[in-house]
Amino acid sequence: MPGISMRYIVDDVDAAVEFYTRHLGFSVALHPAPSFAILTRDGFRLLVSGTTGPGGASQTMPDGRKPEPGGWNRIQIEVADLEAEVTALRQAGARFRNEIVQGMGGKQILLDDPAGNPIELFEAPKR
């Protein structure tokens, strides 16, 4: 699968798969092991890797640091109606880091996946 992907480290791969497929329109492209899955949406690939397992994503670095979920780098998903998406996700029990922010480039909010990795939901300005 050549191309560009983003990897998120997650506490529970199955919970991440459920969250992204149920709430954000992703599909499972591959789920070969309990500690890894590839999810796709609109040509984008999101690799979800557990904090344990045989793959390189969970391995301790030479300086002792260990990959963990919940940083600030994020994927951005554009939506047509941000308020409606936020309402539906809140009703489903989703957690947000902030409230909707209106800027020059549009509106956005940061949604956390089950492991605390952020997803930016973005609505472009109406033209």
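Fair warning: this is a prediction, and the values are worked out from it, not measured in the lab.

J.: So what's going on with the packing of aromatic side chains? Residues and values would help.
T.: Scanning all chains against the criterion turns up three aromatic pairs. Where phenylalanine 26 meets phenylalanine 44, the ring centres are 6.5 Å apart and the plane angle is 70°; that geometry is what we call edge-to-face. On the criterion of sequence distance, the pair formed by phenylalanine 26 in the loop between helix 1 (13-24) and strand 2 (27-33) and phenylalanine 44 in strand 4 (residues 44-50) is long-range, its members being 18 residues apart. Classification of phenylalanine 26 by relative accessible area gives buried; the value is 5%. When its relative accessible area of 27% is taken as the criterion, phenylalanine 44 is described as partly exposed.

J.: Could you give an account of the nonpolar core, naming the residues involved and the relevant values?
T.: Among the nonpolar cores identified, the biggest contains 26 residues, and Tyr20, Leu24, Val48, Leu111, Ile119 and Leu121 are the most heavily contacted of them. Put simply, the parts of the chain that give this core at least two residues each are strand 1 (5-10), helix 1, strand 3 (36-41), strand 4, strand 5 (75-78), helix 2 (82-91), strand 8 (106-112) and strand 9 (118-123). Tallying contributions element by element places helix 1 first for this core, with six residues.

J.: Kindly report on the sheet that holds strand 4, identifying the contributing residues and their values.
T.: Spatially, the four strands line up as an open sheet ordered 1-4-3-2, and their pairing is mixed. Each edge of the open sheet is held by one strand with a lone partner, namely strand 1 and strand 2. Here the strands of the sheet are splayed against their neighbours by 20° on average, with no regard to which way each runs. As paired strands, strand 2 and strand 3 are joined by four bridges and run antiparallel to one another. Looking across to strand 3, one finds that leucine 30 is bridged to isoleucine 38. Against the sheet, helix 1 engages strand 1, strand 2, strand 3 and strand 4, with an angle of about 10° to strand 3.

J.: Describe in detail helix 1, supporting the description with residues and values.
T.: Between its terminal C-alpha atoms helix 1 stretches 16 Å, which fits the 16 Å expected from twelve residues at 1.5 Å a residue. Within the sequence span of helix 1, burial applies to Val13, Ala16, Val17, Phe19, Tyr20 and Leu24. Down the axis of helix 1, the smallest arc covering the buried residues is 165°, so these residues share one side. Put simply, aspartate 12 is the residue that caps the front of helix 1, since its side-chain oxygen is 3.0 Å from the backbone nitrogen of aspartate 14.

Analysis parameters
- Residues numbered from 1 in each chain as written.
- Predicted model: local features only at pLDDT ≥ 70, side-chain atom pairs only at ≥ 80, totals over all residues.
- Heavy atoms only, no water.
- Phe/Tyr/Trp six-rings, centres within 6.5 Å; stacked < 30°, edge-to-face > 60°.
- Helix = DSSP H or I, 4+ residues; strand = E, 2+ residues; numbered from the N terminus.
- Buried < 20%, exposed > 50% of the residue type's maximum accessible area, 1.4 Å probe, protein only.
- Core = buried A, V, L, I, M, F, W, Y, C linked by side-chain atoms within 4.5 Å.
- Pairing = 2+ DSSP bridges.
- Axes fitted to C-alpha atoms, helices over the stretch in contact; angles between N-to-C directions.
- Contact = heavy atoms within 4.5 Å.
- Expected span 1.5 Å × (residues − 1).
- Arc of directions from axis to C-beta.
- Polar contact = N/O pair within 3.5 Å; in protein donor to acceptor, adjacent residues only side chain to side chain.

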